[in-house]
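Observations on the three-dimensional arrangement
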Amino acid sequence: MVSRVVAGLNEEPLDFAYRRISVDNQFKETFHSHRGTEILLIHQGSGTMIVNNVSYDIRPGMLCIFQPYQLHHLKLDYSDHQSFERSLATFEPTMFASYFEKWPALQAFYNYINTSILPSPCIYGVEETHEMVTLFQSMQQRLSSLSEAEQLEEISLFLVQLFRSLKPLWQKQQVQLKPFRTRKNHHVEQMLGWIEQHYTKPFHLDEMAKELHLSTYHLSHTFKETVGISITEYIATRRTHQALLLLTTTDKPIALIAEEIGITNCSYFCKFFKSRMGATPHQYRKRWTKQ
């Protein structure tokens, strides 16, 4: 089915799609995060997902929860004419928190999913007959006929039902085993963990290889093959992500933010940031405060 997407999170309260399909490398994604929470349900596809420096096998029936500002990445396998089919809902949690107040247990679960440190972002084994799939389908059908005045109420009802459906799935998955990971993915997790500890310092491939007991070639090749981008590009992405977080959640001076992400030259940081975000740090912060 052709998916319909409500406009981006900066313009509308919900970014939504039902059974959006990508084929032949149409979906090419680098590490990124959202202002809001994303609930992603995968109907078809395979590959690797990385979130919190841990890799997970992508499989049909997989449900993923990405919290606000949580850096994540999906690398998909399109070999043998495979396609990637998914439904998703991305929303700002605080905008809908009041709609859960009449149901204290559900409200506690809603707050937990959006703000707590989750043991895993993934649930496996969601059947196509599950009510969650039906919820996405019915929301898809309603969206086309909603007036602007009706949107907020319908979205809130959809989210209440979605979290009510998600709660027993989540409770059940706590006793499931973690997904199988290959040795290659385990190495990438070690690499991502090392970068997380060192991305605020000047990067030297030789130093990273030595500490991880890997050759520089194996290090670079495995990372690029598994993640889809080079180590230096990932470090730049990680620094940008942290800069965005500090610009939008703190009042720290831009020069201090530059230092905290490992760039000592403020002028260079402004050029670096603008090349990736299309605006200087000051311009980005100013736009953010107006939203």
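Residues numbered from 1 in each chain as written. Predicted model: local features only at pLDDT ≥ 70, side-chain atom pairs only at ≥ 80, totals over all residues. Heavy atoms only, no water.

Bringing the overall build of the protein chain into the picture now. A count of helices and strands for the protein chain gives 11 helices and 8 strands. Here the protein chain holds 291 residues, and 48% of them are scored as buried. Taking the contacts inside the protein chain whose residues are at least 6 apart along the sequence as the reference set, 71% of them involve residues at least 24 apart. A total accessible area of about 14900 Å² is found for the protein chain, and carbon and sulfur atoms account for 52% of it. (Helix = DSSP H or I, 4+ residues; strand = E, 2+ residues; numbered from the N terminus. Buried < 20%, exposed > 50% of the residue type's maximum accessible area, 1.4 Å probe, protein only. Contact = heavy atoms within 4.5 Å. Areas by Shrake-Rupley, 256 points an atom, 1.4 Å probe, with all protein chains shown as cover.)

Right, let's talk about the sheet that holds strand 8 (residues 122-123) for a bit. Spatially, 5 strands are ordered 1-7-2-5-8 in an open sheet, and the strand pairing comes out antiparallel. Either end of the sheet is taken by a strand with one partner, and the two such strands are strand 1 (14-23) and strand 8. Where strand 5 (residues 62-66) and strand 8 come together, 2 bridges link them in antiparallel fashion. Note on strand 8: the bridge partner recorded for Leu63 is Ile123. The strands touched by helix 3 (residues 131-143) are strand 1, strand 2 (37-44), strand 5 and strand 7 (83-91); relative to strand 1, the strand with the most contacts, the crossing angle is about 105 degrees. (Pairing = 2+ DSSP bridges. Axes fitted to C-alpha atoms, helices over the stretch in contact; angles between N-to-C directions.)

In the contact formed by helix 6 (residues 205-212) and helix 7 (residues 216-227), the axes pass within 9 Å of each other and the chain directions differ by 95 degrees. Here helix 6 lies roughly perpendicular to helix 7, going by the angle between them. Here Leu205, Asp206, Met208, Ala209 and Leu212 of helix 6 lie close against helix 7, whose contacting residues are Thr216, Leu219 and Ser220. Its residues assigned to classes, the contact of helix 6 with helix 7 comprises 5 nonpolar, 2 polar and 1 charged. (Parallel < 35°, antiparallel > 145°, perpendicular 65-115°, else oblique. Nonpolar A, V, L, I, M, F, W, Y, C, P; charged D, E, K, R; others polar.)

All right, on to the sheet that holds strand 4 (residues 54-58) then. Spatially, 4-3-6 is the arrangement adopted by the 3 strands of the open sheet, whose pairing is antiparallel. Each edge of the sheet is formed by a strand with only one pairing partner; in this case those strands are strand 4 and strand 6 (72-76). The average angle at which neighbouring strand axes cross in this sheet is 20 degrees, direction not considered. Where strand 3 (residues 47-51) lies against strand 4, 5 bridges are found, and the strand directions are antiparallel. Of the residues in strand 4, the one forming a bridge with Gly47 is Ile58.

It is worth stressing that arrangement in space is one thing and function is another; only the former is reported here.
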